[in-house]
Amino acid sequence: MFDLHQACKQLLYQNRRCEGDFQYTLPSPTSYPHQWFWDSCFHAIIYTHFDITSAKREILSMVARQFDNGMIPHMIYWKGPDEAPFHPIEWGKKGTSTITQPPMIAYAVWRIFEKDGDIKFIKSVYPHLYHFYRYLLTERDPHEKHLIGIINPDESGEDNSPRFDLPLNLPPIQTLEINTQRRMELIEKNIECKFDAPFCMRNFFWVKDVPFNCIMIENLRLLAKLAQNLDNHDDANYFLSKADCIASSMVHLMLEDGIYWSTYGEKYTKIKVKTWAMFAPLFAHILNQEQASKLVNDHLLNKNEFWTNYPVPTTSLDEAAFNPRGFWRGPTWIGINWFIYKGLINYGFTDPAGKIKESSVALLEKSGFREHFHPNTGEGLGAENFTWGGLVIDMN
Ligand code: GLC
């Protein structure tokens with residue numbers, strides 16, 4: 001019989017690497033042989049179920065390469081870009097990328113603290129978290145509109161999602177090559193901009209993304225709880241009030257007919273492409289019960305949109321951009337299922353949550369620990385020995 005817990009544990013240990021004093025886990029040894037930011041947050045969450053020391057080490061390696069301005073890069077090349085079998089991307093700085101990813105680190109650290117109450121560990125990482133979230137709150141929101149901006153689609157973690165077609169000026173049907181080329185051009189711009197997000201990069205790509213901001217809200221709340229445990233009540237109040245500000249700004253600038261849409265540019269133009277981002281507000285708990293119920297019934301459980309044989313496809317079936325093998329343009333990703341699962345539990349929707357868990361487990365049993373899956377056939381796609389499947393042990 002398939003021992004899920006054992007399989008997840010084995011995969012994480014198999015992908016774990018040490019570099020000097022640091023330890024981190026590869027998302028996939030063949031396709032992704034470096035450290036990635038939100039992946040490491042996922043890893044830490046998974047490790048809390050069987051190895052709290054590894055959970056902490058995953059966080060410590062990530063913050064070790066924090067920039068002076070507070071940003072935590074989304075990739076660290078511990079072995080150097082040329083030493084691993086991955087086509088090296090020149091981000092303009094040695095050893096790391098120069099963009100970030102969804103800010104899941106306070107969540108991961110809170111989960112570690114919940115498990116063992118190690119206040120010494122919290123004390124050691126809190127300054128890093130403080131400066132990282134302060135960076136996002138200031139540099140990515142220069143005019144205090146209370147929405148955090150991203151400067152490259154990759155910062156969303158959903159590289160070629162159709163949410164970014166409009167700001168990249170691409171049609172719904174496109175190749176991965178052209179999409180990648182556009183994102184590479186943004187990397188070049190970032191180098192020319194000397195990594196200055198608020199004054200320079202915002203002229204080339206400036207998206208207020210729904211999942212990024214929802215993740216920010218939930219993480220600021222947990223950061224406030226961490227600050228509270230360190231008796232730092234001013235910080236706690238500050239971060240909590242920022243979470244509230246983002247939530248109300250989302251209502252003003254993103255919400256329309258019950259759906260939150262990502263926006264781009266100074267005019268906050270809504271990007272009305274249906275992706276799983278519609279369900280991210282469940283994770284941040286910013287909908288009321290009635291709004292949540294309508295969203296779930298009308299869209300998540302709708303067979304013409306998101307309720308496929310193996311939910312949840314990252315793009316709605318009825319979108320022109322939908323492609324069941326198109327990376328972030330259709331396939332089901334277990335990391336995304338984890339966010340939706342947690343969101344459904346926030347509202348007591350245990351039935352669809354249970355179905356998402358069951359189907360995520362079924363995907364692992366059928367196709368192994370693949371990066372993403374065909375939402376109708378369950379066929380495994382993309383990277384192999386991919387760690388995100390391990391999040392099923394946290395669907396509880
Ligand atoms: C892909 C994913 C991104 C992830 C990375 C490593 O680029 O789009 O979200 O962090 O792979 O797994």
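Summary of the structure given here. (Residues numbered from 1 in each chain as written. Predicted model: local features only at pLDDT ≥ 70, side-chain atom pairs only at ≥ 80, totals over all residues. Heavy atoms only, no water.)

### Details of the overall build of the protein chain
Argument step 1. Tallying secondary structure elements over the protein chain gives 13 helices and 12 strands in all.
Argument step 2. Its C-alpha radius of gyration of 19 Å places the protein chain within 12% of the 21 Å reference for a compact globule of 396 residues.
Argument step 3. Seen along its three principal axes, the alpha-carbon backbone of the protein chain occupies a region of about 55 × 50 × 45 Å.
Argument step 4. With 396 residues in all, the protein chain has 60% of them scored as buried.
Argument step 5. Considering only residue pairs separated by 6 or more positions, the protein chain has 68% of its internal contacts joining residues 24 or more positions apart.
Argument step 6. Put simply, the protein chain shows about 15,300 Å² of open surface, and 49% of that area lies on carbon and sulfur atoms. (Helix = DSSP H or I, 4+ residues; strand = E, 2+ residues; numbered from the N terminus. Rg over C-alpha atoms; globule rule 2.2 N^0.38 Å. Buried < 20%, exposed > 50% of the residue type's maximum accessible area, 1.4 Å probe, protein only. Contact = heavy atoms within 4.5 Å. Areas by Shrake-Rupley, 256 points an atom, 1.4 Å probe, with all protein chains shown as cover.)

### Section: the layout of surface pockets
Argument step 1. Its boundaries defined by the atoms lining it, the largest pocket holds a volume of some 570 Å³.
Argument step 2. If you go around the largest pocket, you meet 28 residues; those closest to its centre are Y32, D154, D159, R183 and F327.
Argument step 3. Elements supplying a minimum of two residues to the lining of the largest pocket: α2 (37–47) and α7 (176–192).
Argument step 4. For the lining of the largest pocket, the element with the most residues is α7, which contributes five residues.
Argument step 5. Of the pockets and cavities examined, the second largest pocket occupies roughly 260 Å³.
Argument step 6. What lines the second largest pocket is a set of 14 residues, among which Y107, E218, L222, K342 and N346 lie closest to the centre. (1 Å grid on protein atoms, 1.4 Å probe; cavity = no way out; pocket = protein on both sides within 12 Å on 5 of 7 lines; lining within 4 Å. Points joined across faces, edges and corners; volume = space filled by probe spheres on them.)

### Remarks on helix α5 (residues 119–139)
Residues spaced three or four apart along an α-helix point in a common direction, a consequence of the helix completing one turn every 3.6 residues.
Argument step 1. For α5, which comprises 21 residues, the first-to-last C-alpha distance of 29 Å matches the rise-based estimate of 30 Å (1.5 Å per residue) to within 8%.
Argument step 2. A bend of about 40 degrees at V125 is the largest found in α5, and the proline P127 appears one to four places after it.
Argument step 3. Every buried residue of α5 is accounted for by F121, I122, V125, Y126, L129, F132, Y133, Y135, L136 and L137.
Argument step 4. Here the buried face of α5 lies against α2, α3 (52–63), α4 (105–116), α8 (210–229) and α9 (233–253).
Argument step 5. N-capping of α5 is provided by D118, with a side-chain oxygen placed 3.1 Å from the backbone N of K120. (Expected span 1.5 Å × (residues − 1). Bend = angle between axes of the 7 residues up to and from the residue. Polar contact = N/O pair within 3.5 Å; in protein donor to acceptor, adjacent residues only side chain to side chain.)

### Description of the site of the ligand
Argument step 1. Residues in close proximity to the ligand include P27, Y32, W36, W38, D39, Q101, G157, D159, W328, F386 and W388, which together make up its full environment.
Argument step 2. W38 is positioned such that a nitrogen or oxygen atom in its side chain is 3.0 Å from an oxygen atom of the ligand.
Argument step 3. In this structure, an oxygen atom belonging to the ligand sits 2.8 Å away from a side-chain N or O atom of D159.
Argument step 4. Coverage of the ligand by the protein chains reaches 96% of its 310 Å² of free accessible surface. (Near = heavy atom within 4 Å.)

### Concerning the packing of α8 against α9
Argument step 1. Interaxial distance between α8 and α9 falls to 8 Å at its minimum, and their mutual angle equals 160 degrees. If you check the angle between α8 and α9, you find them roughly antiparallel. As for the relative orientation of α8 and α9, their crossing is left-handed in sense. Counting all contacts with α8, which are made through V210, N213, C214, M216, I217, L220, R221, L223, A224, A227 and Q228, the residues of α9 involved are H233, D235, A236, F239, L240, K242, A243, I246, A247 and M250.
Argument step 2. Split into classes, the residues belonging to the contact of α8 with α9 amount to 15 nonpolar, three polar and three charged. (Axes fitted to C-alpha atoms, helices over the stretch in contact; angles between N-to-C directions. Parallel < 35°, antiparallel > 145°, perpendicular 65-115°, else oblique. Left-handed = near helix turned anticlockwise from the far one by under 90°. Nonpolar A, V, L, I, M, F, W, Y, C, P; charged D, E, K, R; others polar.)

### Digging into empty space enclosed by the protein
Argument step 1. All told, the structure shown has one cavity of 30 Å³ or more when counted by the stated rule.
Argument step 2. In this model, the largest cavity occupies a volume close to 30 Å³.
Argument step 3. Every residue lining the largest cavity is listed: R163, Y260, W261, S262, I271, V273, T275, A277 and M278.
Argument step 4. Of the residues belonging to the lining of the largest cavity, the class tally is six nonpolar, two polar and one charged.

### As for the nonpolar core
Argument step 1. Grouped together as the largest cluster of nonpolar side chains are 133 residues, with contacts concentrated most on I105, Y133, M250, L300 and F339.
Argument step 2. Top element by residues in this core is α8. It accounts for 12 residues.
Argument step 3. The residues touching L300, leaving out its near neighbours within four places in the chain, are F279, L295, F306, W307, V312, I340, L344 and I356. (Core = buried A, V, L, I, M, F, W, Y, C linked by side-chain atoms within 4.5 Å.)

### Side note on the sheet that holds strand β5 (residues 149–150)
Argument step 1. The strand order β5-β6-β9-β10 describes an open sheet built from four strands, whose pairing is antiparallel. Both edges of this open sheet fall to β5 and β10 (269–270), since each of them pairs with a single strand only.
Argument step 2. Examined bridge by bridge, β5 and strand β6 (residues 207–208) share two bridges and lie antiparallel to one another. Bridge assignment links G149 to a residue of β6, and that residue is K208. (Pairing = 2+ DSSP bridges.)

### Re the environment of Q174
Argument step 1. Along the chain, Q174 turns up in the loop between α6 (165–168) and α7.
Argument step 2. In the structure, Q174 is positioned 43 residues away from H131 in sequence and 38 Å away in space, judged by C-alpha atoms.
Argument step 3. Once residues lying within four places of it in the same chain are set aside, the contact partners of Q174 are D165, N179 and R329.
Argument step 4. A polar side-chain atom of Q174 sits 2.8 Å from the main-chain carbonyl oxygen of P171.
Argument step 5. Within the local environment of Q174, its side chain forms a polar contact with the side chain of N179, the two groups lying 2.8 Å apart.

### What to know about the packing of aromatic side chains
Argument step 1. One pass over the full model with this rule turns up 34 aromatic pairs.
Argument step 2. Consider the rings of F279 and F306, whose centres lie 4.9 Å apart with planes at 80 degrees: the pair is edge-to-face. Taken as a pair, F279 in the loop between β10 and α10 (280–284) and F306 in the loop between α11 (289–300) and α12 (334–346) lie far apart in primary sequence, 27 residues in all.
Argument step 3. On the numbers, 6.3 Å between centres and 50 degrees between planes, the contact of W328 with W388 is tilted. Of this pair, W328 sits in the loop between α11 and α12 while W388 sits in the segment after β12 (380–381); the two residues are 60 residues apart in sequence, bridging distant segments of the chain. The exposure classification of W328 matches that of W388, with both residues buried. (Phe/Tyr/Trp six-rings, centres within 6.5 Å; stacked < 30°, edge-to-face > 60°.)

This is a description of form; function is not addressed.
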